Amino acid sequence: MAVLKQAELGMPVADLIRQVGISEQAFCRWKKHYAGMQSDQVREPRQLQEETRRLKKLVAELGLDKAILQMLHQKSGPVRAFRASGQAGTAQPVLEDFFICLGQGVALQPGS
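Read on for an overview of the structure.

Calculation rules
The written sequence of each chain sets the order in which its residues are numbered from 1. Given that the model is predicted, a residue must reach a pLDDT of at least 70 before its local features are reported, and side-chain atom pairs must reach 80 or more before they are shown or counted; all residues, however, enter totals for whole chains, interfaces and linings. The basis for every side-chain value is the complete set of heavy atoms in the structure, and neither hydrogens nor water enter the calculation. Working definition: helices are DSSP H or I runs of at least four residues, strands are E runs of at least two. Numbering for both runs from the N terminus. Three exposure classes are used, based on accessible area relative to the maximum for each residue type with a 1.4 Å probe and protein chains only: buried under 20%, partly exposed in between, and exposed over 50%. Residues count as neighbours in contact if any of their non-hydrogen atoms are within 4.5 Å of one another. Residue-level accessible areas treat just the shown protein chains as cover; the underlying method is Shrake-Rupley with a 1.4 Å probe. Among the buried residues, those of types Ala, Val, Leu, Ile, Met, Phe, Trp, Tyr and Cys that are joined through side-chain atoms within 4.5 Å form a nonpolar core. Nonpolar side chains (Val, Leu, Ile, Met, Phe, Trp, Tyr) are joined into patches within 5 Å and like charges within 9 Å, using only residues with over 30% relative accessible area and no salt bridge. For this analysis, a salt bridge means a side-chain nitrogen from Lys or Arg found within 4 Å of a carboxyl oxygen belonging to Asp or Glu.

**A few points about the overall build of the protein chain**
Link 1 in the chain: Secondary structure assignment for the protein chain yields 6 helices and 0 strands.
Link 2 in the chain: Order of helices (α) and strands (β) in the protein chain, N terminus to C terminus: α-α-α-α-α-α.
Link 3 in the chain: When burial is assessed residue by residue, the protein chain has 16% of its 112 residues classed as buried.
Link 4 in the chain: Pairs at least 24 residues apart make up 43% of the contacts formed inside the protein chain by residues separated by at least 6 positions.
Link 5 in the chain: Total accessible area on the protein chain is roughly 8,700 Å²; 56% of this is exposed by carbon and sulfur atoms.

**Examining the nonpolar core**
Link 1 in the chain: Val3, Leu4, Leu16, Ile17, Ile22, Ala26 and Phe27 together form the largest nonpolar core, which totals 7 residues.
Link 2 in the chain: Listed by contribution, the elements that provide at least two residues to this core are helix 1 (2–8), helix 2 (13–20) and helix 3 (24–34).
Link 3 in the chain: Dropping the residues within four chain positions of it, Ile22 is found in contact with Ile17, Phe27 and Trp30.

**So, a nonpolar patch on the surface**
Link 1 in the chain: Taken together, Leu55, Leu58 and Leu62 make up a surface patch of nonpolar side chains, about 250 Å² in accessible area.
Link 2 in the chain: Counting through the fold element by element, Leu58 comes out in helix 4 (residues 39–73).
Link 3 in the chain: With a relative accessible area of 38%, Leu58 lands in the partly exposed category.

**Looking at the pattern of salt bridges**
Link 1 in the chain: Counted by the stated rule, this structure contains 3 salt bridges.
Link 2 in the chain: The salt bridge partner of Glu50 is Arg53, with a shortest N-O separation of 3.1 Å. A residue pair is termed a helical-turn pair when its members lie 3 or 4 positions apart in one helix, as Glu50 and Arg53 do in helix 4 at 3 residues.
Link 3 in the chain: Given a relative accessible area of 51%, Arg53 falls into the exposed group.

So, in structure tokens, the structure goes:
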């Protein structure tokens, strides 16, 4: 943004791009993309991208949580078989047993 402001103030573009170390093409791209914007307007798309990335990660984690809970809810499956085998204490919550199954390499397909 500072480069574009300097060009708007009348500094010759050739001197400016040489001083900053960018190509004339890069300057033209910047000018086309950012011309007329304030610095807070330039930051806004970046903030939106970060928010989108955070929300996508949250959705993915919630999808995984849902899949785990659905698996635990089924009547048959590796968690129930693992608990029935006596390898996990009956006082432990089912979710802890599920993670023990993961650590033991027990198949996670329902009915196995």
